[in-house]
Amino acid sequence: MATEFDKIKDLAGWQDKLKELLAAAEKASAKNDADARLAVASRLNQFVLESSPNTDEIVALDQLATNAAREVSLDVVGDAVDRIAGRTARLRSITKQLDAVTAKAEEAAASLRLEKAHRVIDAFTEAVRAVDDLDKVLEDGTDDQLRKRLEKLTTSLVTLRDELDETAGRPE
Amino acid sequence: MAGRFPVLILVLVLTTGCAALPDVSPFATASRQLAGAVKASGTAISEDLHATPELEAKAKAFDNAWAVRNDLMRAVVAYSDSLVGIVKASGDSREAARSLAEKVGGLAQAVGVIQPGAGPAVEVATDTAAFVWAQIALARAAASLEEALKAAQPAIERLTIIKSDSKDLVLVVRGLSEAQRSELNATYNEAIGYRKDLAARRAKLRAKFGTLTDAEATELKRIDDFMAPPNAEVQKYDELKAKIDTREKANLQLIAATRDAMEQWAAAHREVAIALENRRPVSTESLTEAAVELRDLVKRIREL
């Protein structure tokens, strides 16, 4: 396959080719054309592989071409990363929007599962049991047992009140 | 009063439409695959950025920016799961109502509202309540699902920002690969040049075959020996270059597939909303295919 380097025969030819490539790199950078910059970087890399013989002068040209190719490529990368970072704030706001929708949908699912009603009934049942327990202890229990049952009853009633408050939408 | 129940149930069934909700689970599966692909492409690019000393600051900036993308995908997955949650809760509503009714019955008995022996009547009431609640739940689930889909749609439309990200990710991958090739060329330039010079000399001598002087014939023989070390070096170069090429190709494929899957995902979201509105099934076949392709590409990237 023919390449742009095939007809170059001597040092002067390689020097001219490198000048041409560096000028193209500068032009692409000035236009901020990422695709053109990467295309030139690829040509500069090819220059290094094609240039010969490996005399000191040619090796020096290769070094220039390598540095230029790397610089141009990394500039393209850096600019792209800057643009990606620049869009981050907008993505954060989308995340917030979605989280809000999710919270509402989860609430709807919980309501379909009758979660609040289940919790209220559980709390009621627990409170009734606590009252029953207290009744028994009042008949023939010790003071310590009575204290424990009262504590249990208080806890049950507080839980029930909290559940009812939450169900009615009042702050706890 | 008892005679009104069947009428009430019939009215409920007719007004709720009694249609099943769309199956949104493929949508949730695709969301997970999408989140995995976004994470995998970010990780692969971050690794390459951190491996380039000149880009250390950019690598950190990229990591911070990509963490926000990963968090967004976490929100996308949670949102999709919440849609599945609504559909599932609607399906489980009968059981939830039955269990609640049983609890209420237990409580009523404990406080003495229901006399022992009223079992069969309570059971009938429980079954009826569970059935009625299931119909109400279906209607409420459809409304909640519709509401969630509508509320999320503007955010989903804005996800097209990811498309712009894809364009820049392509540039990052191509730029990094080109920079890696520059470095590789610089490392192996001497060996490649030496081999090229020897090959040129050998071709020249071979062209003179039959008219070679003794010195030239000896030189030709020695060139073959001289070429062994640069040949080995060039082979190493070829292997490393192939690695760069393969990684670049795999990364570009993953970016393209993620962008396409994101588009299909957004389209599927619209489709679910329309299907729900028209009470018809959702076709998620292409979305599932995209999810499978993404899963395979992520696997390949991880293996590189």
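Residues numbered from 1 in each chain as written. Chains lettered and ligands numbered in written order. Predicted model: local features only at pLDDT ≥ 70, side-chain atom pairs only at ≥ 80, totals over all residues.

All right, on to the overall build of chain B then. A count of helices and strands for chain B gives 7 helices and 0 strands. N-terminal to C-terminal, the α/β element order of chain B is α-α-α-α-α-α-α. For chain B, contacts bridging at least 24 residues in sequence account for 86% of all contacts bridging at least 6. (Helix = DSSP H or I, 4+ residues; strand = E, 2+ residues; numbered from the N terminus. Contact = placed C-beta atoms within 7 Å.)

To continue, consider the overall build of chain A. Looking only at helices and strands, one finds 6 helices and 0 strands in chain A. Along chain A, helices (α) and strands (β) appear in the sequence α-α-α-α-α-α when read from the amino end. Against the compact-globule benchmark of 16 Å for 172 residues, chain A has a radius of gyration of 39 Å, which places it well outside the compact range. A principal-axis box enclosing the C-alpha atoms of chain A has dimensions of 115 × 30 × 30 Å. Looking at chain A as a whole, 30% of its 172 residues are labelled buried. Counting only contacts in chain A whose residues sit at least 6 apart along the sequence, the fraction spanning at least 24 positions is 59%. (Rg over C-alpha atoms; globule rule 2.2 N^0.38 Å. Buried ≥ 20, exposed ≤ 12 C-beta atoms within 10 Å, placed from the backbone.)

To continue, consider the domain arrangement of chain A. Interfaces are often described in size by the accessible area the parts lose on coming together. You can read the domains of chain A as domain 1 (11–86) and domain 2 (102–167). Its C-alpha centre places domain 1 of chain A at a distance of 75 Å from the equivalent point of domain 2 of chain A. (Domains from an automatic or database assignment.)

Right, let's get into the interface of chain A and chain B. Contact residues are listed per partner, giving 50 residues for chain A and 65 residues for chain B. The set of elements that each furnish at least two residues to the side of chain A that touches chain B consists of helix H2 (34–50), helix H3 (56–86), helix H4 (88–112) and helix H5 (115–140) of chain A. Considering every element that reaches the side of chain A that touches chain B, the biggest residue donor is H4(A), with 17 residues. Residues of the side of chain A that touches chain B, tallied by class, amount to 27 nonpolar, 13 polar and 10 charged. (Nonpolar A, V, L, I, M, F, W, Y, C, P; charged D, E, K, R; others polar.)

Counted at 1.5 Å a residue, the expected span for helix H6 (residues 214–278) of chain B with its 65 residues is 96 Å, and the 92 Å between its end C-alpha atoms agrees. B:Ala228 marks where H6(B) bends most, by close to 35°; the proline B:Pro229 follows one to four residues later. (Expected span 1.5 Å × (residues − 1). Bend = angle between axes of the 7 residues up to and from the residue.)

Here we take up the packing of H2(A) against helix H5 (residues 161–207) of chain B. Running from N to C, H2(A) and H5(B) cross one another at 10°; their axes reach a closest spacing of 9 Å. Considering their axes alone, H2(A) and H5(B) lie roughly parallel with respect to each other. By crossing handedness, the relation of H2(A) to H5(B) is classed as left-handed. Residue-level inspection shows A:Ala34, A:Leu38, A:Ala41, A:Ser42, A:Asn45, A:Val48 and A:Leu49 of H2(A) in contact with H5(B), the latter providing B:Leu171, B:Arg174, B:Gly175, B:Glu178, B:Arg181, B:Ser182, B:Asn185, B:Asn189 and B:Ile192. (Axes fitted to C-alpha atoms, helices over the stretch in contact; angles between N-to-C directions. Parallel < 35°, antiparallel > 145°, perpendicular 65-115°, else oblique. Left-handed = near helix turned anticlockwise from the far one by under 90°.)

Okay, the packing of H2(A) against H3(A) next. All names here are of chain A. In contact at an axis separation of 8 Å, H2 and H3 are set at 155° when each is read in the N-to-C sense. By the criterion of interaxial angle, the relationship of H2 to H3 is roughly antiparallel. Remark: the crossing between H2 and H3 carries left-handed chirality. Together, Ala34, Arg37, Leu38, Val40, Ala41, Leu44, Asn45, Phe47 and Val48 of H2 and Asp62, Ala65, Thr66, Ala68, Ala69, Val72, Ser73, Asp75, Val76 and Asp79 of H3 make up the contact between the two elements. The residue inventory of the contact of H2 with H3, partitioned by class, reads 12 nonpolar, 3 polar and 4 charged.

With that settled, the discussion passes to unusual backbone geometry. Residue and element names in this part refer to chain A. For the bond running from serine 52 to proline 53, omega is -5°, close enough to zero to count as cis. Locating proline 53 in the fold gives a position in the loop between H2 and H3. Not every positive phi belongs to a glycine, and asparagine 32 is a case in point at roughly 55°. By the secondary structure assignment, asparagine 32 is in the loop between helix H1 (11–30) and H2. Under the C-beta neighbour-count criterion, asparagine 32 is labelled exposed, with 11 such atoms within 10 Å.

So, on to the nonpolar core. The biggest cluster of nonpolar side chains holds 91 residues, and the ones touching the most others in it are B:Leu34, B:Ala37 and B:Ile86. In terms of residue count, the dominant contributor to this core is helix H3 (residues 56–110) of chain B (14 residues). A domain-level breakdown of this core finds at least three residues from each of domain 1 (11–86) and domain 2 (102–167) of chain A. Aside from chain neighbours lying at most four places away, what touches B:Ala37 is B:Leu254, B:Ala257, B:Thr258, B:Ala261, B:Leu294, B:Leu297 and B:Val298. (Core = buried A, V, L, I, M, F, W, Y, C linked by C-beta atoms within 7 Å.)

Summarising the element assignment, A:Ala80 is placed in helix H3. Through-space distance from the C-alpha of A:Ala80 to that of A:Ala34 is 8.9 Å; in sequence the pair is 46 residues apart. Setting aside anything within four residues of it in sequence, one finds A:Ala80 in contact with B:Asp168, B:Leu171 and B:Val172.

All names here are of chain B. Confidence in the prediction of chain B, expressed as mean pLDDT, is 82, and 82% of residues score 70 or more. The weakest mean pLDDT in chain B belongs to helix H1 (residues 4–16) at 50; the strongest belongs to H5 at 92. In the model, residues 12–18 has pLDDT below 50 throughout and makes 9 contacts with residues more than four positions away in sequence or in other chains. ipTM for the predicted complex: 0.76, alongside a pTM of 0.75. (pLDDT = per-residue confidence, 0-100.)

Bringing the environment of B:Ala40 into the picture now. Residues and elements named next belong to chain B. Locating alanine 40 in the fold gives a position in helix H2 (residues 25–50). Once the C-alpha coordinates of alanine 40 and proline 22 are considered, the two residues, 18 residues apart in sequence, prove to be 30 Å apart. When residues no more than four places from it in sequence are discounted, the contact partners of alanine 40 are Leu254, Val298, Ile301 and Arg302.

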